[in-house]
Amino acid sequence: MTASPPEKKPPRLALLTLTAMGVVFGDLGTSPLYALQECFHGPHGVRVTPDNVLGMLSLFIWSLVLVVCLKYLTLLMRLDNQGEGGILALVAMLEPSPERRGPALLVGLGLFGAALLYGDGVITPAISVLSAVEGLQVATPVLEPYVVPVTVGILFALFLVQPLGTGRVGVVFGPIVALWFVSIGALGAWGISRAPEVLAALNPWHAVRFFLEHGWRGVPVLGAVILCLTGAEALYADMGNFGRRPIRLAWFSLALPALLLSYLSQGAFLLRHPEAADAPFFRSLPPGALYPMVALATLATVVASQALISAVFSLTHQAVQLGFSPRLSVRHTSSEHEGQIYLPTVNWALMVACIAVVLGFRSSERLAAAYGLAVSGTMAITTLLFAAVARRRWRWPPWALGLVVSGFLCLDLAFLGANLLKVGEGGWLPLALGAGAFVLMQVWRQGLRRLVAEGAARAIPLDTLVKSLALEPPPRVRGTAVFLSGVGHDTPLVLLHHLRHNQALHERALLLTVHTETVPTVPEAERVRWEAYGLGFVRVTVRYGFMDHPDVPRVLARAQAQGLEPLAEPVTFYVGRVSLRFQAGHAWTLWARRLFGLMQRNAHPTTAHFRLPAGKVMELGSQVEL
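Everything numeric here is computed off the predicted structure, so don't read it as measured data.

K.L.:
Just give me the short version of the overall build of the chain, but keep the residues and values in it.
P.N.:
When helices and strands are tallied, the chain shows 26 helices and eight strands. Taking 626 residues into account, the globule formula puts the C-alpha radius of gyration at 25 Å, and the chain, at 27 Å, falls close to it. With respect to the principal axes defined by its C-alpha atoms, the chain has extents near 95 × 60 × 55 Å. For the chain, long-range pairs separated by at least 24 residues make up 83% of all intrachain contacts whose partners lie at least 6 apart in sequence. As displayed, the chain offers around 26,100 Å² of accessible surface, 63% of which is attributable to carbon and sulfur atoms. Taking the average location of the 48 positive side-chain charges in the chain and that of its 37 negative ones, the two points are 3 Å from each other.

K.L.:
Tell me about the environment of Val528, residues and numbers included.
P.N.:
Residue placement: Val528 occurs in strand S5 (residues 528-534). Taking the C-alpha atoms as reference points, Val528 and Gly231, 297 residues apart in sequence, are found 38 Å from one another. The contact partners of Val528, leaving out residues within four places of it in the chain, are Val540, Thr541, Val542, Val555, Ala559 and Gln562.

K.L.:
Outline the pairing of S5, listing residues and values.
P.N.:
Pairing of S5 with strand S6 (residues 537-544) involves six bridges; the strand directions are antiparallel. Looking across to S6, one finds that Ala532 is bridged to Val538. Counting the residues in the hairpin turn of S5 and S6 gives two residues, including Leu535, whose phi is positive at 60 degrees.

K.L.:
How would you explain the pattern of salt bridges if you had to name every residue and give the values?
P.N.:
Opposite charge on two side chains permits them to pair, given that their charged atoms come into close proximity. Evaluation of the coordinates by the stated rule reveals eleven salt bridges. Note that Asp80 and Arg244 form a salt bridge whose closest N and O atoms lie 2.6 Å from each other. Of the two residues, Asp80 sits in the loop between helix H4 (50-75) and helix H5 (87-94) while Arg244 sits in helix H15 (residues 244-272), which places them 164 residues apart along the sequence. For Arg244, a relative accessible area of 32% puts it in the partly exposed group.

K.L.:
Lay out the environment of Pro344 with the relevant residues and their values.
P.N.:
Tracing the backbone shows Pro344 in helix H18 (residues 344-361). Separated by 14 residues in sequence, Pro344 and Val330 place their C-alpha atoms 7.5 Å apart. Those residues within four positions of Pro344 in sequence are excluded, and the remaining contacts are Ser329 and Arg331.

K.L.:
For the environment of Ser376, give the residues involved together with the corresponding values.
P.N.:
Examined against the element boundaries, Ser376 turns out to sit in helix H19 (residues 364-393). Here Ser376 falls in the buried class, since its relative accessible area comes to 1%. Here the alpha-carbon distance between Ser376 and Leu249, two residues 127 residues apart in the chain, equals 25 Å. Every residue in contact with Ser376, bar those within four places of it in the chain, is listed here: Ile226, Phe415, Leu416 and Asn419.

K.L.:
With reference to specific residues and values, describe the packing of aromatic side chains.
P.N.:
Applying the stated criterion across every chain yields a total of twelve aromatic pairs. Their ring planes at 80 degrees and their centres at 5.3 Å tell us that Phe210 and Phe211 sit as a pair that is edge-to-face. An aromatic cluster is defined as three or more aromatic residues linked by ring pairs; in this entry it consists of Trp180, Phe281 and Phe282. The residue whose ring lies beneath Arg78 is Trp394, and the NZ or CZ to ring-centre distance is 4.8 Å.

K.L.:
Outline the state of the cysteines, supporting the account with residue identities and numerical values.
P.N.:
Across all of its chains, the model carries zero disulfides by this definition. Between Cys39, a cysteine without a disulfide, and Cys228, which holds the nearest cysteine sulfur, the sulfur-to-sulfur distance is 8.1 Å. Just so you know, Cys69 is unpaired, no disulfide at all, and the nearest cysteine sulfur is the one on Cys228, 11 Å from it. Cys69 sits in the buried class, given a relative accessible area of 9%.

K.L.:
Mind laying out a nonpolar patch on the surface, listing which residues take part and the relevant values?
P.N.:
On the surface, Phe156, Leu160, Val161, Leu164 and Trp348 cluster together into a nonpolar patch covering about 420 Å² of accessible area. Of note, Leu160 is situated in helix H8 (residues 147-160). Accessibility expressed as a relative area gives 46% for Leu160, which makes it partly exposed.

K.L.:
An account of the packing of H8 against helix H17 (residues 290-321) is needed here, citing residue identities and associated values.
P.N.:
Relative orientation of the contacting elements H8 and H17 amounts to 45 degrees, with a least axis distance of 11 Å. Comparing their axes, H17 and H8 come out oblique. Helix-helix and strand crossings are classified by hand; for H8 and H17 the assignment is right-handed. For the pair H8 and H17, contact is made by Ile154, Leu158 and Phe159 and by Thr298, Val302, Ser305, Gln306 and Ile309, respectively. Taken together, the residues of the contact of H8 with H17 sort by class into five nonpolar, three polar and no charged.

K.L.:
Lay out H5 in plain terms, naming residues and giving numbers.
P.N.:
Counting buried residues along H5, eight of its eight residues qualify, which places the element largely inside the surrounding structure. The inward-facing, buried residues of H5 contact helix H6 (104-133), helix H13 (232-237), H17 and H19.

K.L.:
Account for unusual backbone geometry, with residues named and values stated.
P.N.:
For the peptide bond that leads from Glu569 to Pro570, omega is -5 degrees, which places it in the cis range. You can see Pro570 is positioned in the loop between helix H24 (552-561) and strand S7 (571-581). Backbone geometry places Arg395, a non-glycine residue, at a positive phi of 55 degrees. For Arg395, a relative accessible area of 65% corresponds to the exposed category. In the Ramachandran plot, Gln503 falls in the positive-phi region, its phi being about 55 degrees despite a non-glycine side chain. In this structure, Gln503 sits in the loop between helix H23 (493-502) and strand S4 (505-516).

K.L.:
Tell me about the nonpolar core, and please be specific about residues and values.
P.N.:
Among the nonpolar cores identified, the biggest contains 156 residues, and Phe25, Trp180, Phe181, Leu235 and Trp251 are the most heavily contacted of them. Ranked by the residues each element gives to this core, the list is headed by H6, at 15 residues. In this view, Trp180 contacts Gly29, Thr30, Leu33, Phe281, Met293, Leu296, Ala297 and Ala300; residues no more than four positions away in its chain are not counted. With 21 residues, the next largest nonpolar core counts Val482, Leu510, Val528 and Phe610 among its residues.

Definitions and cut-offs
Residues numbered from 1 in each chain as written. Predicted model: local features only at pLDDT ≥ 70, side-chain atom pairs only at ≥ 80, totals over all residues. Heavy atoms only, no water. Helix = DSSP H or I, 4+ residues; strand = E, 2+ residues; numbered from the N terminus. Rg over C-alpha atoms; globule rule 2.2 N^0.38 Å. Contact = heavy atoms within 4.5 Å. Areas by Shrake-Rupley, 256 points an atom, 1.4 Å probe, with all protein chains shown as cover. Lys, Arg positive; Asp, Glu negative; His and termini not counted. Charge placed at Lys NZ, Arg CZ, Asp CG, Glu CD. Pairing = 2+ DSSP bridges. Salt bridge = Lys/Arg side-chain N within 4 Å of Asp/Glu carboxyl O. Buried < 20%, exposed > 50% of the residue type's maximum accessible area, 1.4 Å probe, protein only. Phe/Tyr/Trp six-rings, centres within 6.5 Å; stacked < 30°, edge-to-face > 60°. Lys NZ or Arg CZ within 6 Å of the ring centre and 35° of its normal. Disulfide = S-S within 2.5 Å. Patch = residues over 30% accessible without salt bridge, like charges linked within 9 Å, V, L, I, M, F, W, Y side chains within 5 Å. Axes fitted to C-alpha atoms, helices over the stretch in contact; angles between N-to-C directions. Parallel < 35°, antiparallel > 145°, perpendicular 65-115°, else oblique. Left-handed = near helix turned anticlockwise from the far one by under 90°. Nonpolar A, V, L, I, M, F, W, Y, C, P; charged D, E, K, R; others polar. Core = buried A, V, L, I, M, F, W, Y, C linked by side-chain atoms within 4.5 Å.

So yeah, pure geometry; function would need other evidence.
In structure tokens:
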């Protein structure tokens, strides 16, 4: 394949950069709506004095530089799993194969960090849209009773259009967020010009001086400072969709300057109007700009919410493929981009959770206390996973890796400690959501392993079966039987059940095993391989990455194009349906076994998951004791 002409590269880069602007930076970009407000008006807010304003702004500026610019964009983006980033990509790199498992504690931490992202996916749409609509009550207190109903209506509409697909509802994401950044940047420059002394906050000494003056009493305010970093994890997680260069270009060319100008402008306004701490973003706007900015902020927060919803869809799909979640219904919303998916169960669960959060907390100020814990927890876990994976891959000297990691971990733990102080004020929400998701993933992971082990203990080697059938051949019928198997070396239990009950066998028998690798994608050329065993038996092994979508008929057609003998018609796919029986006195706790059984019964059918033709599938049941 010939390379693209040089003159076509800039437009491609510009398009990717603009698209990344909407998908990646929506959450980070809307933080000015509530972050600085929480520092001065929240439950742990400090008094609005010139020193405190400069100290807070300096903390914001250098948090963005150290965490986003240095940690994520410079360091973490160099560590990828075949181009993919994010916390589950790090977990996958810790588990290179089923034979060599990663450190159990780190893998468990990674799963909990991923579980916390579900809390982020619930809270981000709620606080983003709520903080934008709250601009109405700044315009006139008469509109205050309508803030919550309008927010609920916007969220309901947002989740209602998800079946249309990200491609359709997100066509204008990039331009909206770009316009948002240009607007807050321009208004920020105007605000700074009215109090240029605020530029002194660029000096990190003001951040240091804040803690020298306040001591430990200043630590709780870090729980508000971290709000300027919400969405930083998306920079890493979305690397596979856009690449490093477009994300870095979008950040350094527009997003970062606009955010700095907006925060400094709010600080400049607070220097002259300390009483405006309850809504510094909207109160600092010039006359006539309030209503347009409320409308633009609402659009921008909808974009930020959409980005988190899509991220939760992608995260759940990865969890399913890696064996951390039961199969779920996945609908592809684009014929051109396989990564654009819609998960109905996840969508409606998120909608109910988001609306319940808005109705329960009713203001962005109260919800901000719940927000920071999910962000800080995920950031700290990502740093620990980075250390383990970087040690394996880069083989840095322990002193060098320890120096880098300890520096970032100090920042992460400071933010995490400050947010733990807010558990009683709402921080329990992401912890509860994360703990629930973590328990579900761990129970499913352990149950699946036990189920596979139980099946392997009852299976017999394929060579043994072929030899026994050669001595006493069963009646053969025309056609091909494809037996799906979870293991790649023994005889599938569904085949043994078929022989035991039907006392016959098709003239050709394919034993099909689908493996999900700990890489994002598997090249098509390496997707399938097969081995003949005689008597019409062929073992077919199919490999997918955790970002791929299994399609058994398609891969079998590809295998035939590559030399596999054509399948004799009629073709019948045999899949096993396991019913669980809970054995008394088992080492695994009864509640965990029952929970696994509930998830197993409600998992998406194998037929749909592997895209098997429904009219050609036969299910055979078996009972397994757990």
